[in-house]
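Structural characterization, general
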Amino acid sequence: MLKGKVAIVTGSTSGIGLGIAQELARLGSDIVLNGFGDASEIEKIRSDVQREHGVRALHDGADMSKGEAVRDLIEATIERFGRLDILVNNAGIQFTAPVDEFPPAKWQAIIDINLSAAFHGIATAVPQMRRQRWGRIVNIASAHGLVASTHKAAYVAAKHGLVGLTKVVGLETAGSGVTCNAVCPGWVRTPLVEKQISDIAADKHISQKQATNELLAEKQPSLDFVSPAQLGGAVAFLCSAAADQITGTAISVDGGWTAQ
Ligand code: NAD
């Protein structure tokens, strides 16, 4: 379905981004992986994706907290492959604290990585996608792009901003062959969430398993985690012909979280 296409998935050395990159590669797209981590582990991820799916895969370690680096990632990809078809803005970080104790540097880092990176990536990618008359931009927002929780001022602000950005870009590219949508996951068991489970366990002096149950019971009616592979499937759907007229919207994959 995606043979001959080129996709960038930011923050794809781990968790959700890796699940999305694997699904796009399975469908035949060449992949630019991005994200931090141990160099030999990243090389293993890259070579596994390339070998298992018979596509070209490379890793670019651009730091998504830096606007210029994001723009360079897009430009370098267009230079290397001669095209860019799919941009998945997925890199993200979390930090929790009450608003009056929220460290300004953490606020800025979350806004930079979870929101501004998508702006810089989209701004650089859209002209190329317009020229191709086909492009898919998928912003990995969150249930927290639609509703709030305590202690997540920066994250909720960034993710709501990302859903807003999605609407604007959907409008500006409408009819051009380019679509822009957000996917809003509920809880996914990745390193980003493991830390929050550990924090609950430590705060409440309960086991990891009890803390996991509490985390799910508080927000996610299905009482089960969303998987990175399921999110890969949602992104693949948005890249399919069936989704040609879906743009500027946010699709929840959250076990019922935001239905409440
Ligand atoms: P994760 O921690 O497993 O992965 C984050 C990825 O982003 C990693 O590859 C990491 O190296 C990369 N990254 C972090 N800072 C970066 C930077 N400055 N430059 C480049 N790469 C950077 O997290 P995850 O849970 O897979 O989260 C992925 C996205 O999904 C995030 O945007 C997150 O907000 C969102 N999300 C996660 C959940 C969840 O429950 N895990 C729920 C909703 C939304």
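The protein chain has the name 3-hydroxybutyrate dehydrogenase in an unreviewed UniProt entry, where Bradyrhizobium cajani is given as its organism. Recorded in UniProt under Sequence similarities (unreviewed entry), the annotation for the protein chain is "Belongs to the short-chain dehydrogenases/reductases (SDR) family."

Attention now goes to the site of the ligand. Ser 14, Asn 90, Tyr 155, Val 188 and Thr 190 are the nearest of the 31 residues found near the ligand. Residue Ser 14 places a side-chain N or O atom 2.7 Å away from an oxygen atom belonging to the ligand. Take Tyr 155: an N or O atom from its side chain is 2.5 Å from an oxygen atom of the ligand. Coverage of the ligand by the protein chains reaches 93% of its 830 Å² of free accessible surface. Given that more than half its atoms are within 2 Å of the pocket grid, the ligand belongs to the largest pocket.

Take helix 3 (residues 67–81) next. With 15 residues, helix 3 extends 22 Å from end C-alpha to end C-alpha; this agrees with the ideal 21 Å at 1.5 Å per step. Tucked inside the fold, the buried residues of helix 3 contact strand 1 (6–9), strand 2 (30–34), strand 3 (57–60), strand 4 (86–89) and helix 4 (104–132). Positive phi shows up at Gly 82, right after helix 3, with a value of about 80°.

Now for the pattern of salt bridges. Applying the stated criterion across every chain yields a total of twelve salt bridges. Salt-bridge contacts for Glu 43 lead to Arg 46; the nearest nitrogen and oxygen are separated by 2.9 Å. One end of the pair is Glu 43 and the other is Arg 46, both in helix 2 (residues 39–53) and three residues apart, which spans about a single turn. Residue Glu 43 is classed as partly exposed on the basis of its relative accessible area of 39%.

How each quantity is defined
- Residues numbered from 1 in each chain as written.
- Predicted model: local features only at pLDDT ≥ 70, side-chain atom pairs only at ≥ 80, totals over all residues.
- Heavy atoms only, no water.
- UniProt positions renumbered as here; feature names shortened; annotations may be inferred.
- Near = heavy atom within 4 Å.
- Polar contact = N/O pair within 3.5 Å; in protein donor to acceptor, adjacent residues only side chain to side chain.
- Areas by Shrake-Rupley, 256 points an atom, 1.4 Å probe, with all protein chains shown as cover.
- 1 Å grid on protein atoms, 1.4 Å probe; cavity = no way out; pocket = protein on both sides within 12 Å on 5 of 7 lines; lining within 4 Å.
- Sits in = over half its atoms within 2 Å of the grid points.
- Helix = DSSP H or I, 4+ residues; strand = E, 2+ residues; numbered from the N terminus.
- Expected span 1.5 Å × (residues − 1).
- Contact = heavy atoms within 4.5 Å.
- Salt bridge = Lys/Arg side-chain N within 4 Å of Asp/Glu carboxyl O.
- Buried < 20%, exposed > 50% of the residue type's maximum accessible area, 1.4 Å probe, protein only.

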